[in-house]
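# Architecture at a glance
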Amino acid sequence: MAVEKGLRADARRNRDLIVAAAQELFLEQGVDVPLEEVARRAGVGVGTLYRRFPDRDALLRAVGEESLRRLVDLAETARREEPDAWHALCRFLRGSVALRLGVLPAKLEPHLHQRMRVGADLHVMRQRVIAAVLGMSEQAQADGALRADIGPGDIALLMTLHVYTPPDLPGEQAMTRVVEIMLDGLRADRGSSLPGTPLDGDDLRQYTAVRLPPTE
């Protein structure tokens, strides 16, 4: 029995290493990176990779699931640990941008992106993120910290902010500056007006909805 448990733990470790390596390489080089390179970076054999993930789509789905899982943890941890909703929202948005949530979808063919998001577990996780964003946004506005003309759907758009940086400029430094500029613009004491109308909770749900192409 102890050996069986050891094998299960080892299999889980290998899977986690493969997913982490794939996420890094997909972001760095695109989703067409050779899977042999993913196995090499993960420190496992190609056969181990294919036992866990029979094709590229399966690996892409696993990377998408892990990103969403980390987003749920980020949102709920921020709400639990920060002193108020504004600081929780700032921590959540900083973390969302650091996760580079907007990069992978931009590299995917749209129908594949939608197929990756199907599944009961993913639906539950998306609902948890939606609830957290709604809660943080509404409470931060009630506290007078978040400007009133910002809706939770606007926050969802900012979560996927992708900052392009020239090769000679440190990416982390540029990203940090852009995020702080963004957060400063969300504060309630800023007097500038915004075009259009706030994106509300219904917009947020629409934004995160899964739309599969019709089957023939």
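Before going into details, it helps to say that this report is about the structure given with it. Since the structure is predicted, the reported quantities are computational estimates derived from the model, not experimental observations.

## Remarks on the side chain of Thr77
With respect to the helices and strands, the residue Thr77 is situated in helix 4 (residues 56-81). Looking at Thr77, its side chain comes within polar contact range of the main-chain oxygen of Asp73, at 2.7 Å.

## Examining the side chain of Thr48
Topologically, Thr48 is positioned in helix 3 (residues 46-52). Looking at Thr48, the relative accessible area reads 13%, which means it is buried. At 3.1 Å, the side chain of Thr48 forms a polar contact with the side chain of Arg51. Non-local contacts of Thr48, meaning those with residues more than four positions away in its chain, are made with Asn14 and Ile18.

## Quick notes on the environment of Gln141
You can see Gln141 is positioned in helix 8 (residues 120-142). Spatially, the C-alpha atoms of Gln141 and Gly151 are 9.6 Å apart, while their sequence positions differ by 10 residues. Dropping the residues within four chain positions of it, Gln141 is found in contact with Leu146, Arg147, Ala148 and Ile150. Within the structure, the side chain of Gln141 is placed 2.6 Å from the backbone oxygen of Ile150, a separation counted as a polar contact.

Cut-offs applied
Residues numbered from 1 in each chain as written. Predicted model: local features only at pLDDT ≥ 70, side-chain atom pairs only at ≥ 80, totals over all residues. Heavy atoms only, no water. Helix = DSSP H or I, 4+ residues; strand = E, 2+ residues; numbered from the N terminus. Polar contact = N/O pair within 3.5 Å; in protein donor to acceptor, adjacent residues only side chain to side chain. Buried < 20%, exposed > 50% of the residue type's maximum accessible area, 1.4 Å probe, protein only. Contact = heavy atoms within 4.5 Å.

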